[in-house]
Amino acid sequence: MPTPTIRPARADEYDEVACVWMNSWVSTGLEDASNFLLAKLRARVPQEIEKGWSLYVADDNGTLAAMLALHLGDRYLDQLFVAPEYQGQNLGRQLLAFTRKHLPDEIWLRCVRGNEKAWRWYEREGFVFEKEQVEPMTGFAMKYYRWKKEGIAP
């Protein structure tokens, strides 16, 4: 099977990006799929792009397999979600390698504490836990992580 192509998302794909985001999020077991959740994510995609997201997708011959949102100026990996049918195929690792090309010295991210599969994966990928705090808008406890390229001063 060929590897999906990572490329910038197009505006006409934002609804599909929101679907990938919701389906991946729901696969964590932390929330159920709903029209309300999908509508919230559909509204959020263009809002976040206006705030500085660089939004990428993994395109599998016209099917979006994953979404990746970066804040390049802040060295922040904001969202990395792989559609459930593509999970377990190293696509997350490919997206992380893509992120490291764009943010080669340092990457910050946060992850919901309840998404143990994700934060344990980030730890295996070299991210170091920095702190934990509750996100007031969602009520979720968030774990904050940082990755630094070896040899880069603090």
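Note: the structure precedes this text.
Residues numbered from 1 in each chain as written. Predicted model: local features only at pLDDT ≥ 70, side-chain atom pairs only at ≥ 80, totals over all residues. Heavy atoms only, no water.

Some points on helix H2 (residues 35–50)
Taking 1.5 Å per residue, 16 residues should reach 22 Å; H2 reaches 24 Å between its end C-alpha atoms and fits that length. Where H2 bends most, at arginine 44, the angle is about 25°, and the proline proline 46 comes one to four residues later. Along H2, the residues classified as buried are Leu37, Leu38, Leu41, Val45 and Glu48. Where H2 is buried, its residues meet helix H1 (14–26), strand E2 (54–60), strand E3 (63–71) and strand E4 (76–82). Two residues or fewer after H2 comes glycine 52, characterised by a positive phi angle close to 120°. (Helix = DSSP H or I, 4+ residues; strand = E, 2+ residues; numbered from the N terminus. Expected span 1.5 Å × (residues − 1). Bend = angle between axes of the 7 residues up to and from the residue. Buried < 20%, exposed > 50% of the residue type's maximum accessible area, 1.4 Å probe, protein only. Contact = heavy atoms within 4.5 Å.)

A look at the sheet that holds strand E7 (residues 141–148)
The mixed open sheet is built from seven strands, whose spatial order is E1-E2-E3-E4-E5-E7-E6. Edge positions in the sheet fall to strand E1 (5–8) and strand E6 (128–134), since each of these pairs with one other strand and no more. Across this sheet, the average inter-strand angle for adjacent strands is 25°, counted without regard to direction. For E4 and strand E5 (residues 106–112), the ladder comprises two bridges, and the chain directions are parallel. The residue bridging tyrosine 76 from the neighbouring strand is tryptophan 108, located in E5. Sitting on the sheet, helix H4 (residues 116–124) is in contact with E4, E5 and E7, with an inclination near 155° to E5. (Pairing = 2+ DSSP bridges. Axes fitted to C-alpha atoms, helices over the stretch in contact; angles between N-to-C directions.)

Quick notes on the nonpolar core
Core analysis: the biggest nonpolar cluster contains 48 residues, and Leu55 and Leu77 have the highest contact counts within it. Every residue in contact with leucine 55, bar those within four places of it in the chain, is listed here: Arg7, Pro8, Ala9, Tyr14, Val17, Val45, Ile49, Met67, Leu68 and Ala69. (Core = buried A, V, L, I, M, F, W, Y, C linked by side-chain atoms within 4.5 Å.)

Considering the side chain of serine 24
Structurally, the position occupied by serine 24 is in helix H1. For serine 24, a relative accessible area of 6% puts it in the buried group. Beyond its immediate sequence surroundings of up to four residues, serine 24 is in contact with Phe81, Val82, Pro84 and Gln87.

What about the pattern of salt bridges?
Scanning all chains against the criterion turns up 15 salt bridges. A salt bridge links glutamate 13 to arginine 7, with the shortest nitrogen-to-oxygen separation between them at 2.5 Å. Here glutamate 13 falls in the buried class, since its relative accessible area comes to 5%. Classification of arginine 7 by relative accessible area gives buried; the value is 15%. Connected through shared salt-bridge partners, Arg7, Arg10, Asp12, Glu13 and Asp59 make up one network. (Salt bridge = Lys/Arg side-chain N within 4 Å of Asp/Glu carboxyl O.)

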